[in-house]
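Residue-level structural notes
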Amino acid sequence: MPYISIECGALAKEQKAELIRQLTATAAEVTNIPAGFFTVTIKELPDENFGIGGRDIGESKAEYMARGK
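Residues numbered from 1 in each chain as written. Predicted model: local features only at pLDDT ≥ 70, side-chain atom pairs only at ≥ 80, totals over all residues. Heavy atoms only, no water.

Concerning the environment of glycine 36
Turning to its location among the elements, glycine 36 is positioned in the loop between helix H1 (13–31) and strand E2 (39–44). Under the relative-accessibility criterion, glycine 36 is labelled exposed at 69%. C-alpha separation for the pair glycine 36 and serine 60, spaced 24 residues apart in sequence, amounts to 38 Å. (Helix = DSSP H or I, 4+ residues; strand = E, 2+ residues; numbered from the N terminus. Buried < 20%, exposed > 50% of the residue type's maximum accessible area, 1.4 Å probe, protein only.)

Listed below in structure tokens is the structure:
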């Protein structure tokens, strides 16, 4: 059985459902394996567990939000 795993920050329930749906549909289309064979897991990690450019992602998000997106 194909297995898809993704690590990301916190997501809303609706976001998780859509991510699972789209990942499964795309993988099934590309591989020609029926969608029912796929397993998807989402591992949510706190922002302080991610670092980009020497800073945790929480700092980057705060800067982004302060600029008004």
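A closer look at a nonpolar patch on the surface
There is a patch of nonpolar side chains on the surface, built from Met1, Ile33 and Phe37 and spanning about 330 Å² of accessible area. Among the structural elements, methionine 1 can be located in the segment before strand E1 (3–8). A residue is classified by how much of its surface remains accessible, and methionine 1, at 75% relative accessible area, is exposed. (Patch = residues over 30% accessible without salt bridge, like charges linked within 9 Å, V, L, I, M, F, W, Y side chains within 5 Å. Areas by Shrake-Rupley, 256 points an atom, 1.4 Å probe, with all protein chains shown as cover. Salt bridge = Lys/Arg side-chain N within 4 Å of Asp/Glu carboxyl O.)

Topic: the pairing of E1
Here E1 runs beside E2; their pairing, made up of 6 bridges, is parallel. Along E2, the bridge assignment pairs isoleucine 4 with valine 40. The β-α-β motif built from E1, the intervening H1 and the parallel element E2 has right-handed crossover chirality. (Pairing = 2+ DSSP bridges. Right-handed = clockwise from strand over helix to strand, strands pointing away.)

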